[in-house]
Amino acid sequence: MLDRATRGIPADFLDPFGSHLNDLYLIVNNVLGLQAGAYVYHRREKQLELLKRGDFRDKAHYLGLEQQLPADAAVDVFFLADLKKILERFGNRGYRAVELEAGILGGKLYLAAYAQRLGATGLTFYDDDVVSFFSPHARGKSAIFLVALGRSAAKLR
Ligand SMILES: Cc1cc2nc3c(=O)[nH]c(=O)nc-3n(C[C@H](O)[C@H](O)[C@H](O)COP(=O)(O)O)c2cc1C
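What this report covers is the structure whose coordinates are included nearby. This is a predicted model, so every value here is computed, not measured. Throughout this document, residue positions are counted from 1 along each chain, in the order its sequence is written. Only residues with pLDDT of at least 70 are given local features in this predicted model, and only at 80 or more are side-chain atom pairs given and counted; all residues enter the totals for whole chains, interfaces and linings. The basis for the side-chain values is all heavy atoms of the structure; hydrogens and waters are excluded.

### A closer look at the layout of surface pockets
Sizing a probe to match a water molecule and rolling it over the atoms shows the empty space that remains. Here is the rule: Cavities and pockets were defined on a 1 Å grid built over protein atoms only: a cavity is a set of grid points that admits a 1.4 Å probe from which the probe cannot escape, a pocket is an open set flanked by protein on both sides within 12 Å along at least five of seven lines, and lining residues are those with an atom within 4 Å of any such point. Grid points are joined across faces, edges and corners, and a volume is the space filled by probe spheres set on the points. Helix and strand definitions follow DSSP, with helices as H or I runs of at least four residues and strands as E runs of at least two, each counted in order from the N terminus. Classification used: nonpolar for Ala, Val, Leu, Ile, Met, Phe, Trp, Tyr, Cys and Pro, charged for Asp, Glu, Lys and Arg, polar for all others including Gly.
Each pocket or cavity is described by its volume, and for the largest pocket that value is around 700 Å³. Taken together, 27 residues line the largest pocket, and the ones lying closest to its centre are A74, V75, L149, G150 and R151. If you list the elements that add at least two residues to the lining of the largest pocket, you get β1 (22–28), α3 (68–72), β4 (75–81), β5 (119–123) and β6 (142–150). Here the lining of the largest pocket is composed, by residue class, of 19 nonpolar, 5 polar and 3 charged. Space inside the second largest pocket adds up to approximately 220 Å³. If you trace the second largest pocket, you find it lined by T6, R7, G8, G18, S19, H20, D23, Y41, H42, R43, R44 and E45. The residue inventory of the lining of the second largest pocket, partitioned by class, reads 1 nonpolar, 6 polar and 5 charged.

What follows is the structure, given as structure tokens:
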């Protein structure tokens, strides 16, 4: 799903094709073949780098505005971007570009989830605490979007 969502978007602000503004950070709660923990996704290598191991369901609950969905999800995908660098390059347009890219990537994650009969939901979050959680790797970045993925409880009923 991560690979399919990040194969590039044709846009003038994403030149060369395949470059990106948002970085994907994950809290993995329960995914077959993956240790629970915090990860960053390297799209070119198509690899997940483990940042810290552990059960972070409580943390996901807190970071996702103290809602149950990100705690229940199999995995939470956080979109983080280096806004300072992006605003220097694009001016005010930079923020719109980051949001647009996040929306399209998030939409692709939704489609990938639904195609596999999984659930997906966009969520709000405590911005600065998200960055702290993924630091030092994410230091200096800003939180942009969050998509929680997993088996939907509504469909299990
Ligand atoms: C940027 C964004 C942020 C959202 N934040 C929340 C949120 O914090 N909590 C929430 O319940 N729904 C949030 N939603 C809406 C959910 O993604 C979803 O549409 C909603 O929960 C209804 O889901 P349902 O139709 O499956 O019941 C957000 C959507 C977007 C696009």
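### Things to note about the pairing of strand β3 (residues 47–53)
Consecutive residues of a regular strand have side chains that alternate between opposite faces of the sheet. This is how the line gets drawn: For two strands to pair, DSSP has to find at least two bridges joining them.
Pairing analysis gives 6 bridges linking strand β2 (residues 37–42) to β3, with the strands arranged antiparallel. When the sheet's bridge partners are listed, A38 is paired in β3 with K52. Taking the residues that link successive antiparallel strands as the turn, the β2-β3 hairpin has 4 residues, and the phi of K46 there is positive, at about 55 degrees.

### Focus: the site of the ligand
Heads up, the condition is: Distances are taken per atom, and a residue is near a molecule or strand as soon as one of its heavy atoms is within 4 Å of it. Polar contacts here mean pairs of N or O atoms no more than 3.5 Å apart (in protein, one a potential hydrogen donor and the other a potential acceptor; neighbouring residues in sequence count only if both atoms are side-chain atoms). Working definition of accessibility: Shrake-Rupley area with a 1.4 Å probe, residue cover restricted to the visible protein chains.
In the vicinity of the ligand, the contacting residues are Q67, Y110, T121, G122, L123, T124 and F145. One of the side-chain nitrogen or oxygen atoms of T121 is found 2.9 Å away from an oxygen atom of the ligand. Relative to its unbound accessible surface of 620 Å², the ligand loses 36% to contact with the protein.

Purely spatial values, then, with no claim about function.
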